[in-house]
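Descriptive structure summary
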Amino acid sequence: MIFIIDSGSTKCDWIAIDPKTGHQVFEKQRTKGLNPAIISENEAFDIINENKILTDHRLDVNHVFFYGAGCGTVEAPLMLKKVLRSIFTNAVVDVKEDTYAAIFSTVGLEHDPAVVCILGTGSNCTYFDGKNIHQRVISLGYSIMDDASGNYFGRQLLRDYYFNFMPHDLKLIFKTRYNMDDDFIKVNLYKKPNPNAYLATFAEFLILNKESEYVQKVIKKGLRSFVETMIMQFRDEIKTVPVHFAGSISFFLQREIKEVAQEYGFTIGNFQRRPIEGLAEYHVRQIKAV
């Protein structure tokens, strides 16, 4: 059995596949996010062991393919690999940053060159030349980067609400949907873990009300910022290759992304809402090709 795992800061999806048949062994499992940049070794261990189905099958696993946020450095993935090896003792463990999940799930086995973007809780962009990835911007995290991500849009909505830039009718809806007590918000932002994931919870409001003129302005501002800071780092590459998108934010903002792409003159490729689904197909095809 092989495990294919796609983890963000908020949640982590697990799919078990029988390598002989290519079929899924049991229903997809979901745990809390396993971002090694923001959780400890003990926390990672506890998160996995809380899921009985995963631990019941821990000795049946011979290969773990883990793709996750926070795995782009040297030290962080080593900690996670140690935890995974300690639980799945019969498995070869492969840990890669979530960029590869986005690439493999949108590009597929053909490995055609492309610029691949992630717009989920966080955001990122890379160029895949068919073999290797090339990133020209080092991410400094959600607090000053992550344009057009869930946490970016959440931050914008909160700012507009408190600065009274949000239209009155939407402000009433926003207040009804979320706890807007300032002390509650500050506790979540400054005292609780994963403030980026907390901010991203507000992005749903953006999707539900995206026909509003105000919301469209917020969306387009965020997308243009992402294009200018991230995609245009590959201005030469996007003349000849498509730009793929992975993540729930990009999936629900496909129309707006296509409109902004027209403004900047690049070609849109594939959208993948949940990279784990594309990854499962990728690895099944890889197994059958052997």
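For the structure itself, look to the data block above.
Residues numbered from 1 in each chain as written. Predicted model: local features only at pLDDT ≥ 70, side-chain atom pairs only at ≥ 80, totals over all residues. Heavy atoms only, no water.

Details of the sheet that holds strand β5 (residues 92-97)
Heads up, the rule is: Two strands are counted as paired when DSSP detects at least two bridges linking them. Counting from the N terminus, the helices are DSSP H or I runs at least four residues long and the strands are E runs at least two residues long. Interaxial angles span 0 to 180 degrees and are taken between N-to-C directions of axes, which are lines fitted to C-alpha atoms, for helices over the stretch in contact. Any pair of residues with heavy atoms lying within 4.5 Å of one another is described as a contacting pair.
Across the sheet, which stays open at both edges, the 5 strands sit in the order β3-β2-β1-β4-β5 with mixed pairing between neighbours. A strand with exactly one partner marks an edge of an open sheet, and here the two such strands are β3 (29-32) and β5. Within this sheet the neighbouring strands show an average axis-to-axis angle of 20°, counted without direction. Relative to strand β4 (residues 63-68), strand β1 (residues 2-7) is paired through 6 bridges, and the arrangement is parallel. What sits directly across from Phe3, in β4, is Val64. Docked against the sheet, helix α3 (residues 75-87) engages β2 (11-17), β4 and β5, running at close to 150° with respect to β5. On top of the sheet, helix α4 (residues 98-107) reaches β1, β4 and β5; it is set at about 90° to β5, its chief contact.

A few points about the nonpolar core
We count it as follows: We call a set of buried residues a nonpolar core when its members are Ala, Val, Leu, Ile, Met, Phe, Trp, Tyr or Cys and they connect through side-chain atoms within 4.5 Å of each other. For every residue, the accessible area (1.4 Å probe, protein chains only) is compared with the maximum for its type, and the residue is labelled buried under 20%, exposed over 50%, or partly exposed between those bounds.
One finds Val115, Phe174, Phe226, Ile231 and Phe245 to be the most contacted residues of the largest nonpolar core, which totals 45 residues. For this core, the element with the highest residue contribution is helix α10 (residues 213-229), accounting for 7 residues. When near neighbours in sequence (up to four residues on either side) are disregarded, Val115 contacts Cys125, Thr126, Tyr127, Phe234, Glu237, Ile238, Val241, Pro242, Val243 and His244. Residues Trp14, Leu34, Val83 and Phe88 belong to the second largest nonpolar core, which totals 26 residues.

With respect to a nonpolar patch on the surface
To keep it simple, the criterion reads: Candidates for patches are residues over 30% relative accessible area with no salt bridge; among them, like charges are joined within 9 Å and nonpolar side chains (Val, Leu, Ile, Met, Phe, Trp, Tyr) within 5 Å. Here the open area of atoms and residues is found with the Shrake-Rupley method and a 1.4 Å probe, where only the protein chains shown may cover a residue. Salt bridges are defined by distance alone: a side-chain nitrogen of Lys or Arg within 4 Å of a carboxyl oxygen of Asp or Glu.
Side chains of Ile138, Leu140 and Ile144 sit close together on the surface and give an oily, nonpolar patch of about 370 Å² of accessible area. Within the secondary structure layout, Ile138 lies in the loop between β8 (133-134) and α5 (150-162). We classify Ile138 as exposed; its relative accessible area is 71%.

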